[in-house]
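Coordinates in review
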Amino acid sequence: MRPVTKIATGLVIVFGALRFNGLDLLFDPVGWGMCAAGLLLLQRPGDAFARAQASALCMIVVSLLAVLASGARTDEPFRHVIDIAATTGALVTVWLIVDALMTRMRSRGDNSRVALLDVLRWAVAGLGAAGLLAGYGYAELSSVLVVGWFAALVVLTVVLYRLADRPYFAATRPASDSEVSSA
């Protein structure tokens, strides 16, 4: 699987929900792990992919805590802190991932797609932050906001899948035996 395809699939797992008897079958830590693995394959010395990967690795821990907090009997303030950390961390991580991709694309002169990704990251982060604030009563949550955020996220994911075959997004690290056999 190509690195950017891993990242896009990871985002689908993280932001998607496939519920069965109240349990989300799309396990967020797995999605963040896929993002981190794709980012690792894209890293070069001194580029922005290391920062994005560190954020994705942190999100594995935060999302695991969120899963554990939702199933365990914990006090409400702890759950709120974990939920805020998970949402804020997800938005920041998406921002860092897209920023790293944009930096690589800009260095290759792919400016039209850079502009598109820039608009999409602002839409995902901005509408997601507004949704977070609305969840705590600081703004009104309208269906337009939810639909807009979801549409921006879907378009971002589709654009990432379409960018996966670009030569400048080829893996810079050698693939392990298990990655070669699954490709």
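Numbers given for residues are sequential positions, taken from 1 along each chain in its written order. Where totals are concerned, whole chains, interfaces and linings use all residues; where local detail is concerned, this predicted model gives features only for residues with pLDDT of at least 70, and gives and counts side-chain atom pairs only at 80 or more. Excluding hydrogens and water, the side-chain figures rest on all heavy atoms present in the structure.

Section: the overall build of the protein
- From N to C terminus, the protein includes seven helices and two strands.
- Put simply, DSSP marks the helices as runs of H or I at least four residues long and the strands as runs of E at least two long, and each gets a number from the N terminus on. In sequence order, the secondary structure elements of the protein are arranged as α-β-β-α-α-α-α-α-α.
- A simple rule labels every residue: compare its accessible area, found with a 1.4 Å probe on the protein chains alone, to the largest value its type can have, and call it buried under 20%, exposed over 50%, or partly exposed in between. Put simply, the protein has 183 residues, and 38% of those count as buried.
- Residue contacts are defined here by distance: any two heavy atoms, one from each residue, within 4.5 Å place the two residues in contact. Expressed as a percentage of contacts within the protein between residues at least 6 apart in sequence, the contacts between residues at least 24 apart total 69%.
- The protein chains shown are the only cover counted for residues, whose accessible areas, like all others here, come from Shrake-Rupley with a 1.4 Å probe. Carbon and sulfur atoms form 66% of the exposed surface of the protein, whose accessible area is close to 9,900 Å².

Points about the pattern of salt bridges
- The term salt bridge refers to a side-chain nitrogen of Lys or Arg lying within 4 Å of a carboxyl oxygen of Asp or Glu. Applying the stated criterion to the full structure yields four salt bridges.
- We note a salt bridge from Asp99 to Arg121, for which the minimum N-O separation is 3.1 Å. Of this pair, Asp99 sits in helix α4 (residues 76–107) while Arg121 sits in helix α5 (residues 111–135); the two residues are 22 residues apart in sequence, bridging distant segments of the chain. When sorted by exposure, Asp99 lands in the same class as Arg121, which is buried.
- Of the charged contacts in the structure, one is a salt bridge between Arg121 and Asp118, with a shortest N-O distance of 2.9 Å. Here Asp118 and Arg121 lie together in helix α5, a separation of three residues that amounts to about one turn.
- Residue Arg121 is classed as buried on the basis of its relative accessible area, which comes to 10%.
- If you follow the salt bridges from partner to partner, you end up with Asp99, Asp118 and Arg121 in one network.

Some thoughts on the side chain of Asp110
- Mapping Asp110 onto the fold places it in the loop between α4 and α5.
- Residue Asp110 is classed as buried on the basis of its relative accessible area, which comes to 11%.
- Here a polar contact means two N or O atoms within 3.5 Å. Within protein one must be a hydrogen donor candidate and the other an acceptor candidate, and residues neighboring in sequence count only if both atoms are side-chain atoms. A distance of 2.3 Å separates a polar atom in the side chain of Asp110 from a polar atom in the side chain of Tyr168.
- Residues in contact with Asp110, not counting those within four places in the same chain, are Met105, Arg166 and Tyr168.

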